[in-house]
Amino acid sequence: MAARIDLTLDGADAKLLGEFWKTALGYVDEPPPAPFSTREEWHASFDPPEDDSADDAVWLCDPDGVGPRLSILRVPEPKTAKNRLHIDVRVPGHGNPDERWARIRAESERLVKAGGSVLREHAGHHIVMADPEGNEFCVAATSA
């Protein structure tokens, strides 16, 4: 049996990044673990220091339970270099190359409207983008 993975993304504003990645991936806020009714209640159970807030993190999940969970944590240090691991956002890959490229471009435009930015295009194949805090990701087609 293969291991399941979660992905964790560091940033300065967990809420901002959470909203962007919900839009990008179609994810939803992950409910708090039982028996807690809110994330704040769950967070308080760890007796955190006063300057540690439940707003310092966001937990997202695939509503269909297929994709990995995404945790977004506030960290004090800024991003300083290229990501060593990044997310690929995949659009349907069927159709001819022009149709696939049109879907890739349309998805990148949707994500720009959500706060992302285009870093560079590899015409016909994929678009390298950044989320609102500069974390790189790619938009590409699925395998045909």
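Trainee: Describe the side chain of D131, and please don't skip the residues or the numbers.
Mentor: Note on placement: D131 falls in the loop between β7 (126-130) and β8 (136-141). The side chain of D131 sits in the buried core without any salt bridge; K79 is the nearest counter-charge, 8.1 Å away. Side-chain polar atoms of D131 contact the side chain of W21, separated by 3.0 Å. Among the polar contacts listed, one links the side chain of D131 to the backbone nitrogen of E133, at a separation of 2.9 Å.

Trainee: Provide a residue-level description of the packing of helix α1 (residues 14-25) against helix α3 (residues 97-113), including the pertinent values.
Mentor: α3 packs onto α1 with a crossing angle of 160° between their chain directions and a minimal axis gap of 10 Å. One element, α1, and the other, α3, form an angle in the roughly antiparallel class. The two elements α1 and α3 cross, and the hand of that crossing is right-handed. Facing F20, T23 and A24 of α1, the residues of α3 in contact are E107, R110 and L111. For the contact of α1 with α3, the class distribution of residues is 3 nonpolar, 1 polar and 2 charged.

The rules behind the values
Residues numbered from 1 in each chain as written. Predicted model: local features only at pLDDT ≥ 70, side-chain atom pairs only at ≥ 80, totals over all residues. Heavy atoms only, no water. Helix = DSSP H or I, 4+ residues; strand = E, 2+ residues; numbered from the N terminus. Buried < 20%, exposed > 50% of the residue type's maximum accessible area, 1.4 Å probe, protein only. Lys, Arg positive; Asp, Glu negative; His and termini not counted. Salt bridge = Lys/Arg side-chain N within 4 Å of Asp/Glu carboxyl O. Polar contact = N/O pair within 3.5 Å; in protein donor to acceptor, adjacent residues only side chain to side chain. Axes fitted to C-alpha atoms, helices over the stretch in contact; angles between N-to-C directions. Parallel < 35°, antiparallel > 145°, perpendicular 65-115°, else oblique. Left-handed = near helix turned anticlockwise from the far one by under 90°. Contact = heavy atoms within 4.5 Å. Nonpolar A, V, L, I, M, F, W, Y, C, P; charged D, E, K, R; others polar.

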